[in-house]
Amino acid sequence: MTNHGQKYFWLTAVALLVIQATLALTMVHRESLTFDEGDHMFAGYMMWKASDYGLNPEHPPLAKLLATVPILSDHLWVPPPMPGQFFKAEAYLNGRDWLGRNDGDRQHLVFEMRASAELLALGLCLFVFLAARDWFGDTAGLIALALAVFDPNVLAHSALVTTDIGVSCFFVAAIWTFYRFAARPTLIRLLLVSLATGLLLSTKHSGILIGPMFVSLIAWEVLKAPRAERKRVALRLTGGFFAIVVLSVFVLWAFYGFRYSARPAGMAFSTSVAGYAQPLPHFESAVVVAVGHLHLLPESYLVGLVDVKLMSIAYPTFLLGKVYPHGLWYYFPLVILIKTTLGLLLLIVLATFATATGKLTRNRELFYSLAPPVLYLAVAMMSGMNIGARHLLPMYAFVITFAAAAAATLAGINRRWAIICSALIVAHVVSSLLVFPNEIAYANEASGGPRNLHNLLSDASVDWAQQLLQVKQWQDRHPDQECWFAYFARPVIDPGVYGIRCHALPTFDTQWGGVGLVPPSVTGTVLISAGDLSGCEWPSGQLNPYRSFQSLHPDLAIDDSVFVYQGTLAIPEISALASAQQSQALLAKGQSGPALAVAREAVVTSPDNLITQTALGDAAAATGDKQMAKTAWQAAILIAQRLEPGAQASYIPDLESKIKGLSTGKE
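A quick note: this is a predicted structure, and the numbers were derived from the prediction, not measured.

Let us look at the pairing of strand β5 (residues 521-529). Of the pairings in the sheet, the one linking strand β3 (residues 483-486) to β5 comprises 4 bridges and is parallel in character. Counted as the bridge partner of C483 is T525 from β5. Note that β5 and strand β7 (residues 562-570) share 9 bridges and pair antiparallel. Opposite T525, over in β7, you have Q566 as the bridge partner.

Here it is in structure tokens:
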């Protein structure tokens with residue numbers, strides 16, 4: 001390439017990065033907080049200010065620390081600690097109050113933190129570009145950069161204060177630097193791959209998958225080395241691998257201030273490593289406890305590892321209109337088919353064709369671009385945590401490189417291939433921009449687009465609770481309408497902070513504290529988040545109080561993820577859930593008499609209801625009426641037995657234990 005060509009090459013790369021930042025920041029400027037961001041933001045701020053790593057241990061510190069750098073000089077009010085409170089509840093609820101008081105609906109602090117988080121998205125795009133260019137040439141590098149910049153899944157999460165973009169960034173960085181180290185081992189290259197790996201481990205717990213990825217790459221290097229060189233290559237790379245492990249763990253410890261304890265002196269952690277790991281299988285629990293006993297890894301990091309495993313054991317899945325009480329091995333393959341642009345899918349097909357026919361021949365580089373995403377996808381398919389395409393972002397980063405390599409190679413063969421590949425790249429870009437700025441709810445044209453996506457997927461693939469600013473705009477256009485709102489992130493995020501005056505409707509998560517009583521019939525407008533409409537957090541679709549709305553055609557869809565229904569609407573199941581949750585909230589305050597009265601009303605409204613009968617039994621037991629409690633709990637068991645077997649396990653053992661406790665006095 002001439003000097004003139006090099007100049008335009010780098011100018012194009014820089015321009016694409018600028019476009020990426022512009023699109024991402026424009027998008028998040030119109031989005032309210034997503035479900036997990038307040039939790040991450042508050043935890044990051046408290047890490048800086050109080051060296052407190054116990055608020056959000058389910059994710060390592062790096063992304064949270066980076067995001068909160070811009071606000072460290074601000075004198076912000078901090079809510080008091082919640083002694084004895086479960087760490088997730090404390091981080092979520094104190095994070096909500098911290099942002100609500102310091103930022104409100106202005107989102108100035110939120111935008112500053114999101115702008116800082118955008119650096120990780122730029123890093124991801126940059127490393128994809130550098131890796132593709134190094135492996136497959138300049139043209140492939142620019143194509144990969146363009147595909148990454150406009151990818152709807154990358155864009156959707158680019159400037160959010162979460163960990164998915166960051167872990168994707170450092171997966172690519174670690175694999176690329178290891179490629180360079182394996183090609184020409186030097187101390188500098190060893191230190192660079194160790195740093196990248198340490199940053200990866202410090203971003204998200206799934207970063208530990210880099211270990212088996214490195215092992216597979218080492219095996220490839222040894223097998224492809226000349227027979228006489230294999231032993232030397234094996235020793236060199238194995239030694240390098242162990243050095244990388246030690247150095248990267250050192251980097252990880254640095255992000256925890258080289259301190260084992262999760263919380264600073266004088267503050268107690270809400271759990272212990274041994275106590276939290278107890279539900280795990282014996283061997284896994286023993287390993288975690290042993291690592292903790294030896295202080296090989298920080299306490300907060302170990303609790304986070306356990307939390308990831310516990311969450312995957314029994315987490316509901318919503319797929320193609322149905323709720324399952326467990327994960328599905330085919331969930332992520334279907335997510336790929338739905339959430340990937342048709343242009344990129346066809347480029348992947350072409351890349352597979354080019355590899356199979358020998359047109360794409362750089363076998364070493366192909367292995368580096370394909371082994372990591374294949375391993376990552378295999379692990380994702382075996383996990384039970386099926387809640388969003390964001391968990392596939394590391395895979396997308398490598399697949400984009402593979403697709404770009406094929407596009408560059410085929411385009412160089414003849415003009416026909418060049419036209420086909422160019423058309424697919426343009427299709428990828430156009431498909432993404434057609435839904436901008438609503439990238440979270442992206443779905444390709446073959447699956448019906450964003451308007452149909454809520455019928456297929458849920459949670460962060462559609463609705464991550466980011467629509468409050470748009471709901472407020474709807475409310476401003478209808479100031480006199482009475483409205484009720486089932487909001488996916490309540491109580492983690494309070495719509496009232498954004499000026500939304502709608503009455504609260506109960507959801508799965510409002511069991512934390514209830515929303516008050518709701519009439520069995522309302523006249524006006526009901527707004528329902530897509531996550532609540534699908535019932536994605538309930539173990540069974542039969543328990544979803546909003547299932548009757550699934551057959552109704554909404555009057556309006558706000559950002560394809562909040563659905564508006566108008567008229568006189570019968571909502572007895574919703575009313576009953578609100579009463580049951582209110583009863584539980586009263587019990588938590590020691591008000592057993594009022595709790596029993598409200599629970600009775602819930603059962604009258606919806607007698608054939610697992611939640612209302614359970615609430616009645618709990619309230620009756622609290623007042624000393626053992627016979628009523630037993631009758632209610634037995635009724636709840638009969639209802640639970642009609643659920644799917646996996647969903648039954650979420651309720652029946654607990655109910656049976658309560659009944660047994662009546663006779664032993666331990667209810």
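A few words now on the packing of helix α15 (residues 331-339) against helix α17 (residues 363-382). One can describe the packing of α15 onto α17 by two numbers: an axis separation of 8 Å at closest approach and a directional angle of 120 degrees. The pairing of α15 with α17 is recorded here as oblique in orientation. Between α15, through F332, P333 and I336, and α17, the contact on the second element is made entirely by L377, A380 and M381. Taken together, the residues of the contact of α15 with α17 break down into 6 nonpolar, no polar and no charged.

It is worth spelling out the sheet that holds β5 at this point. Read from one edge to the other, the open sheet built from 5 strands follows the order β4-β3-β5-β7-β6, with strand pairing classed as mixed. This sheet does not close on itself; its edge strands, each paired only once, are β4 (503-504) and β6 (556-558). Lying over the sheet, helix α21 (residues 468-477) contacts β3, β5, β6 and β7, oriented at roughly 140 degrees with respect to β6.

Here we come to helix α24 (residues 592-605). Compared with the 20 Å implied by 1.5 Å per residue over 14 residues, the 20 Å span of α24 between its first and last C-alpha is a close match. All buried positions along α24 are accounted for by A595, L596, V598, A599, A602 and V603. On its buried face, α24 sits against α23 (572-588), α25 (610-623) and α26 (626-640).

As a further point, take the state of the cysteines. Under the criterion given, the structure shown has 1 disulfide. Disulfide pairing is shown between C483 and C502; the S-S distance is 2.0 Å. Between C483 and C502 the disulfide shows an S-S torsion of about -95 degrees. By sign, it is left-handed. One end of the pair, C483, is in strand β3; the other, C502, is in the loop between β3 and β4, with 19 residues separating them in the sequence. Pair check on accessibility: C483 and C502 agree, each one buried. As a non-bridged cysteine, C125 has C169 as the owner of its nearest cysteine sulfur, 9.1 Å distant. Exposure remark for C125: the relative accessible area of 0% places this residue in the buried category.

Quick notes on the rules
- Residues numbered from 1 in each chain as written.
- Predicted model: local features only at pLDDT ≥ 70, side-chain atom pairs only at ≥ 80, totals over all residues.
- Heavy atoms only, no water.
- Pairing = 2+ DSSP bridges.
- Helix = DSSP H or I, 4+ residues; strand = E, 2+ residues; numbered from the N terminus.
- Axes fitted to C-alpha atoms, helices over the stretch in contact; angles between N-to-C directions.
- Parallel < 35°, antiparallel > 145°, perpendicular 65-115°, else oblique.
- Contact = heavy atoms within 4.5 Å.
- Nonpolar A, V, L, I, M, F, W, Y, C, P; charged D, E, K, R; others polar.
- Expected span 1.5 Å × (residues − 1).
- Buried < 20%, exposed > 50% of the residue type's maximum accessible area, 1.4 Å probe, protein only.
- Disulfide = S-S within 2.5 Å.

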